[in-house]
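Summary of the model geometry
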Amino acid sequence: MLAARGVTGFTTREVAQQASTSTPAVYELFGDKAGLVREVFFEGFRLLRRHFGRLEESADPRADLVGVIEAFREFVCGNPVLAEVMFSRPFADFDPGPEEVKAGGAVREFVVGHVRRCTDAGILGGDETDIAHVLIALAQGLAAQETAGWLGTSKASMDRRWDLAIRAVLDGLSRRNPRPEEGERRLSDSRRRGRGRQDGGRAAGSPGRRRAGRWLWPHPPRSRLGA
C-alpha cells in the first residue's frame, strides 16, 4: 500500500481490507495507526540490514565501503516511500522514540564497521561514527534527489554524480589530507575573509551587496537540472 498509494493513502481501514480482516482486529494487534506505522518502520530496518547482508567482504576496505553506499542507494531508490517512513517521519501521529532509534542499530554498526576497516588500514582518518553519519547523510540526500528526478535524466549521468560525490568525500577524509585542526584554521580564515568582503560591499553600497542577498538556488525550484 505504501508503494502504490504513498503516505497519504495509507490508512488502517485500507490495510484491514487488503489483509481481509477488520479494522478492530488491526487495532487489537497494533494499538492504533501509530503502532502499525511503527511496525512498518521496524520492518524497513530489518529489510535494509538483510539487504546489506548480501554484500561480500573483499581485501579492499574502501571498495567495500563504497559497495555499502551503493547498496544503500539501491534500497532507498527501490523503496522510496518505505525509506521516507524510516528516515523522514512523514506521519504526524508517529514520532520515533528511543526504542525506534535503536532499530537502526544493526544498520548503523554495519556501516561503522566498514568505516573502521578503512581507518584501521590507514585509508581514512577521523572518528568512525562521525564518518558513517556523513556518508549515510550524503547517500540519503543523493537518493532523495535521484528519486525526485533531480540528479539527471539518464542512468549514466546519475551514476557519474554518485561516483563524484562519494569519491570527493572519501578523498577529503583521506589521511593524506591536512590534519583536522589545520582544516579548521583554513575554514576560519576563509570565513573572516568572506565577512570582510561583505562588510566592504555594504560600506560602499556596491552591486555586490545586492547579489550577495540572493539565493544561488531558486526556491522553490522551477526546473530540473537535466542530464
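Being a predicted model, the structure only gives us computed values, none of them experimental. (Residues numbered from 1 in each chain as written. Predicted model: local features only at pLDDT ≥ 70, side-chain atom pairs only at ≥ 80, totals over all residues. Heavy atoms only, no water.)

Let's shift gears to the nonpolar core. Core analysis: the biggest nonpolar cluster contains 49 residues, and Phe 10, Phe 52, Phe 91 and Trp 162 have the highest contact counts within it. For this core, the secondary structure elements donating two or more residues are helix H2 (12–18), helix H4 (33–53), helix H5 (61–78), helix H6 (80–87), helix H8 (105–120), helix H9 (128–147) and helix H10 (155–172). (Core = buried A, V, L, I, M, F, W, Y, C linked by side-chain atoms within 4.5 Å. Buried < 20%, exposed > 50% of the residue type's maximum accessible area, 1.4 Å probe, protein only. Helix = DSSP H or I, 4+ residues; strand = E, 2+ residues; numbered from the N terminus.)

Looking now at the packing of aromatic side chains. Applying the stated rule across the entire model yields five aromatic pairs. Ring plane angle 70° and centroid distance 6.0 Å describe the contact between Phe 41 and Phe 42, whose orientation is recorded as edge-to-face. Just as Phe 41 is buried, Phe 42 falls in that class too. Centre to centre, the rings of Phe 52 and Phe 110 are 5.0 Å apart; their planes meet at 10°, and the pair counts as stacked. Placement of Phe 52 in helix H4 and of Phe 110 in helix H8 is noted, with a sequence separation of 58 residues between them. Neither Phe 52 nor Phe 110 differs from the other in exposure class; each is buried. Grouped by ring-pair contacts, the aromatic residues Phe 41, Phe 42, Phe 45, Phe 72 and Phe 87 constitute a single cluster. (Phe/Tyr/Trp six-rings, centres within 6.5 Å; stacked < 30°, edge-to-face > 60°.)

Another point: the pattern of salt bridges. Following the criterion strictly, the structure yields ten salt bridges and no others. Residues Glu 14 and Arg 5 are paired through a salt bridge, measuring 2.9 Å at the closest nitrogen-oxygen approach. For Arg 5, a relative accessible area of 41% corresponds to the partly exposed category. Glu 57 is paired through a salt bridge with Arg 117; the nearest N and O atoms lie 4.0 Å apart. Pair noted here: Glu 57 is in the loop between H4 and H5 and Arg 117 is in helix H8, with a separation of 60 residues, a long-range link. (Salt bridge = Lys/Arg side-chain N within 4 Å of Asp/Glu carboxyl O.)

All right, on to unusual backbone geometry then. Positive phi outside glycine occurs at Ser 20, with the angle close to 55°. Mapping Ser 20 onto the fold places it in the loop between H2 and helix H3 (23–30).

Across its 18 residues, H10 extends 26 Å between first and last C-alpha, which sits within 8% of the 26 Å expected from 1.5 Å per residue. Contacts from the buried residues of H10 go to H5 and H9. (Expected span 1.5 Å × (residues − 1). Contact = heavy atoms within 4.5 Å.)

For the rest of this paragraph, the subject is the confidence of the model for the protein. Residues of the protein with pLDDT of at least 70 account for 74%, and the chain-wide mean is 81. A low-confidence stretch, residues 202–226 stays under pLDDT 50, and its non-local contacts, those more than four residues away or across chains, total 14 contacts. (pLDDT = per-residue confidence, 0-100.)

For Arg 54, the location among the structural elements is in the loop between H4 and H5. Take Arg 54: its relative accessible area is 64%, and that puts it in the exposed class. Along the backbone, Arg 54 and Ala 71 are 17 residues apart, and their C-alpha atoms lie at a distance of 9.2 Å. Polar side-chain contacts of Arg 54 include one of 3.3 Å to the side chain of His 51. (Polar contact = N/O pair within 3.5 Å; in protein donor to acceptor, adjacent residues only side chain to side chain.)

Looking now at the packing of H4 against H5. Running from N to C, H4 and H5 point in directions that differ by 135°, and their axes come no closer than 10 Å. Taken together, H4 and H5 sit at an angle that is classed as oblique. Every pair of crossing elements has a handedness; the one defined by H4 and H5 is right-handed. For the pair H4 and H5, the contacting residues are Gly 44, Leu 47, Leu 48, His 51 and Phe 52 in the first and Val 68, Ala 71, Phe 72, Glu 74 and Phe 75 in the second. (Axes fitted to C-alpha atoms, helices over the stretch in contact; angles between N-to-C directions. Parallel < 35°, antiparallel > 145°, perpendicular 65-115°, else oblique. Left-handed = near helix turned anticlockwise from the far one by under 90°.)

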